[in-house]
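Survey of secondary and tertiary structure
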Amino acid sequence: MSKPTLSVTDNRTGKSYEIPIQDGTIKAMDLRAIKTDAEDFGLMTYDPAFQNTSSCRSAITFIDGDRGILNYRGYAIDELAEHSNFLEVAYLLLEGELPNKAKNEQWAHDIKMHTYVHENMRRFINGFNYDAHPMNMLVSTVAALSSFYPDAKESGDRAQRQPEIIRLIAKMPTIAAWCYRHRRGLPLVYPDNELSYAGNFLAMVKQISEPKYQPHPILEKALDVLFILHADHEQNCSTSTMRTVGSSKADVYTAVSAACAALSGPLHGGANEEVLRMLTEIGHVKNVPAFIKEVKEGRGRLMGFGHRVYKSYDPRAKTIKKLADQVFEVTGRNPLTDIALELERIALQDDYFVSRKLYPNVDFYSGLIYDSMQFPTDMFTVLFAIPRTAGWLAQWNELADDKDQKISRPRQVYTGHERREYQVMHKRG
Ligand code: ACO
């Protein structure tokens with residue numbers, strides 16, 4: 001008869017143990033009972049990069065990497081992208097349910113009431129060098145926000161956490177746009193709360209001398225959909241960082257800043273920037289086979305391909321590809337598209353990529369859209385951080401309410417010296 005347990009025999013001692021299985025996992029702490037003798041610390045698992053370790057129970061985002069499924073709170077990503085707007089999706093991630101009309105209006109109103117940032121932030125941003133990377137500016141500026149909200153250190157219950165959540169979702173576009181404007185030497189533009197979340201961001205980025213900036217509706221919608229697609233992705237590198245920093249009860253601004261730092265790496269959110277660099281370097285469709293050959297020989301990676309979790313087509317990449325066509329109708333076709341399509345065509349039939357289950361991920365086409373919307377390459381990861389803030393905050397909220405959680409603190413397998421005798425300086429070789 002089937003039993004939800006795992007029987008383990010420790011061949012060092014001949015002892016057998018029965019470990020409960022719940023939700024397809026065993027508790028790592030149950031292994032601690034497996035000891036050679038009373039002095040033994042007990043068995044641990046060794047899992048660099050947490051490739052097979054669940055660090056939490058979460059009801060927010062579901063991914064089935066083999067079947068290419070991504071759901072937020074049970075809703076398929078493509079349906080949300082088609083029917084909802086970003087703020088509704090942020091509410092869904094945070095509250096667990098889609099808002100009704102009244103709740104949606106209240107939520108959008110609350111966010112709009114917090115889009116302005118303290119004037120000292122302008123001075124702070126103006127202090128960066130003229131060529132500072134916008135992502136570096138974002139990381140530091142979000143951390144600096146914590147100094148304006150000392151109450152954020154008391155993030156005990158849900159009601160206390162809510163103002164911080166609203167502030168962060170509301171202020172991220174303002175800070176992101178100001179990082180962009182500073183980099184370009186342009187005056188910083190204040191939020192326009194009559195516009196949508198995505199529309200206001202576009203206005204703060206693009207407005208020059210028009211008394212009122214009206215974003216193009218297709219580009220505004222495209223950015224909103226991109227925000228939805230990037231809003232959460234369960235326990236990825238930056239979300240795990242958010243949870244790790246949050247677990248020490250650091251304030252939420254510091255934790256979001258740390259998550260932004262994790263996102264900035266080229267193997268994570270920084271990949272969209274790298275994709276565009278790669279396409280630009282390839283330069284022409286005729287150079288694609290030579291580039292693929294280099295990748296297969298281990299000289300570089302095909303950026304925007306492969307994913308730790310998706311081992312089939314990334315469902316977000318499908319929606320983005322469609323979106324790209326709509327954006328190109330307005331902006332004109334991005335000349336790098338042909339190179340991207342050729343890379344995808346060759347890679348999808350090449351045994352190197354097929355056997356390793358490497359498919360385009362969310363970053364492969366998003367960079368082309370941002371580029372066509374005339375965002376500079378170094379803004380791409382910032383554009384990712386804005387919506388991902390909603391996901392980070394939903395995960396932080398869940399962490400705070402989870403009675404199983406403690407300060408995050410992995411173990412190690414120590415491989416250094418045994419205790420050895422101290423050598424005074426003149427005796428060292
Ligand atoms: N190009 C070429 N080869 C690749 C690529 C790639 N993009 N990705 C993985 N491989 C190869 C590896 O060389 C390795 O080959 P081997 O078995 O012969 O050694 C094999 O595929 C497995 O690769 P890992 O690095 O072990 O896979 P992992 O799951 O750790 O990495 C990652 C996932 C980091 C996303 C990787 O696929 C990658 O570097 N992709 C390019 C960067 C990128 O697009 N990142 C964005 C991810 S989406 C996001 O974070 C928002």
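Scroll up to find the structure.
Notes on the structure in this doc start here. Sequence order as written defines the numbering, with residues in each chain counted from 1. Totals for whole chains, interfaces and linings use all residues, but because this is a predicted model, local features are given only for residues with pLDDT of at least 70 and pairs of side-chain atoms are given and counted only at 80 or more. Only hydrogens and water are set aside when side-chain values are computed; all heavy atoms of the structure are taken into account.

**A short note on the overall build of the chain**
Put simply, the rule reads: A run of DSSP states H or I qualifies as a helix once it reaches four residues; a run of E qualifies as a strand once it reaches two. Both are numbered from the N-terminal end. Each residue is assigned to one of three classes by its accessible area relative to the maximum for its type, calculated with a 1.4 Å probe on protein chains only: buried under 20%, partly exposed between the two thresholds, exposed over 50%. Residue burial considers only the protein chains on display, and all accessible areas are found by Shrake-Rupley using a 1.4 Å probe. Charge assignment: positive for Lys and Arg, negative for Asp and Glu; neither His nor the chain ends contribute. To locate a charge, the coordinates of NZ of Lys, CZ of Arg, CG of Asp or CD of Glu are taken.
When its secondary structure is counted, the chain shows 17 helices and 5 strands. Across the 429 residues of the chain, 48% fall into the buried class. By element, 52% of the accessible surface of the chain is carried by carbon and sulfur atoms, the whole surface being about 22400 Å². Across the chain, the centroid of the 52 positively charged side chains sits 4 Å from that of the 54 negatively charged ones.

**Structural notes on the site of the ligand**
To be explicit about the condition: Any residue with a heavy atom positioned within 4 Å of a molecule or strand is treated as near that molecule or strand. Here a polar contact means two N or O atoms within 3.5 Å. Within protein one must be a hydrogen donor candidate and the other an acceptor candidate, and residues neighboring in sequence count only if both atoms are side-chain atoms. When residues are grouped by polarity, Ala, Val, Leu, Ile, Met, Phe, Trp, Tyr, Cys and Pro land in nonpolar, Asp, Glu, Lys and Arg in charged, and all others, Gly among them, in polar.
With respect to spatial proximity, 20 residues lie near the ligand, and among them R301, L302, G304, F305 and R308 are the closest. Note that an oxygen atom of the ligand is positioned 3.0 Å from one of the side-chain N or O atoms of H268. Between an oxygen atom of the ligand and a main-chain N or O atom of G304, the distance comes to 2.9 Å. For the ligand, the accessible surface in isolation is 920 Å², of which the surrounding protein chains cover 73%. Its residues placed into classes, the shell around the ligand shows 10 nonpolar, 5 polar and 5 charged.

**Some thoughts on helix α6 (residues 158-184)**
The line we're drawing: Any helix carries an expected span of 1.5 Å times its number of residues minus one. Think of it this way: the bend at a residue is just the angle between two axes, each fitted to seven residues, one set ending at that residue and the other starting at it.
Along its 27 residues, α6 runs 39 Å from first to last C-alpha, staying within 8% of the 39 Å computed at 1.5 Å per residue. Residue K171 marks the point of greatest curvature in α6, where the axis turns by about 35°; the proline P173 follows within four residues. Positive backbone phi, at 70°, marks G185, one or two positions downstream of α6.

**Some details on the nonpolar core**
Cut-off, in case you're wondering: As used here, the term nonpolar core means buried Ala, Val, Leu, Ile, Met, Phe, Trp, Tyr and Cys residues forming a set that is joined through side-chain atoms within 4.5 Å. Only heavy atoms matter for contacts: two residues are in contact if any of them lie within 4.5 Å across the pair.
Core analysis: the largest hydrophobic core is formed by 117 residues, its most contacted members being L138, I169, F201, M278, L302, L343 and L393. If one sorts the elements of this core by residue count, α6 sits on top with 12 residues. In contact with L343, other than residues within four places in its own chain, are M278, L279, I282, V288, F291, I292, L302 and F364.

**Here we look at the sheet that holds strand β3 (residues 61-64)**
Across a sheet, paired strands are connected by hydrogen bonds in the backbone, their directions being either parallel or antiparallel. Formally: Strands are treated as partners if at least two bridges between them are detected by DSSP.
Here we have 3 strands laid out as an open sheet, ordered β3-β4-β5, and antiparallel in their pairing. The open sheet is flanked by β3 and β5 (75-76), the only strands paired with a single partner. Looking at chain direction, strand β4 (residues 69-72) and β5 are connected through 2 bridges and run antiparallel. Bridge assignment links Y72 to a residue of β5, and that residue is Y75.

**Observations concerning a nonpolar patch on the surface**
Selection criterion: Patch membership requires more than 30% relative accessible area and the absence of a salt bridge. Residues of like charge join within 9 Å; the nonpolar side chains Val, Leu, Ile, Met, Phe, Trp and Tyr join within 5 Å. Put simply, a salt bridge is a Lys or Arg side-chain nitrogen that is within 4 Å of an Asp or Glu carboxyl oxygen.
A cluster of nonpolar residues, L6, I21 and I26, forms a patch on the protein surface that exposes about 200 Å² of accessible area. Considering the arrangement of structural elements, one finds I26 in the loop between β2 (15-20) and β3. With a relative accessible area of 33%, I26 lands in the partly exposed category.

**Here's the deal with the environment of Q374**
The topology assignment puts Q374 in the loop between α16 (362-372) and α17 (380-401). Taking the relative accessible area as the measure of exposure, Q374 reaches 60% and is therefore exposed.

**Side note on the packing of aromatic side chains**
To keep things clear, this is the line we draw: Paired rings are identified among Phe, Tyr and Trp, the last through its six-membered ring, by centres lying within 6.5 Å, and are further divided according to the angle between planes into stacked (under 30 degrees), edge-to-face (over 60) and tilted (the rest).
Scanning all chains against the criterion turns up 16 aromatic pairs. Note on Y370 and F375: the rings are 6.4 Å apart at their centroids and 90° apart in plane angle, and the pair reads as edge-to-face. Given the relative accessible area of 0%, Y370 is considered buried. When its relative accessible area of 2% is taken as the criterion, F375 is described as buried.

**Here's the deal with the packing of helix α7 (residues 197-206) against helix α8 (residues 217-229)**
Keep this limit in mind: Inter-axis angles, ranging from 0 to 180 degrees, are taken between N-to-C directions of lines fitted to C-alpha atoms, where helices are fitted over the stretch in contact. Any angle between 65 and 115 degrees counts as roughly perpendicular, while under 35 counts as roughly parallel, over 145 as roughly antiparallel, and the rest as oblique. Put simply, a crossing is left-handed when the front helix is turned counterclockwise from the back one by less than a right angle, and right-handed when it is turned clockwise.
Where α7 meets α8, the closest approach of the two axes is 8 Å, and the angle between their N-to-C directions is 115°. Here α7 is positioned roughly perpendicular relative to α8, judged by the angle of their axes. As α7 packs across α8, the resulting crossing turns out to be right-handed. Seen from α7, the contacting residues are Y197, A198, G199, F201 and L202; seen from α8, they are L219, E220, L223, D224 and F227. Grouping the amino acids of the contact of α7 with α8 by side-chain chemistry returns 7 nonpolar, 1 polar and 2 charged.

**A word on the side chain of D224**
Secondary-structure assignment places D224 in helix α8. Buried D224, no salt bridge; nearest opposite-charge side chain is K221, N-O distance 4.9 Å. In this structure, D224 is in contact with S84, N85, F86 and A198, ignoring residues within four places of it in sequence.

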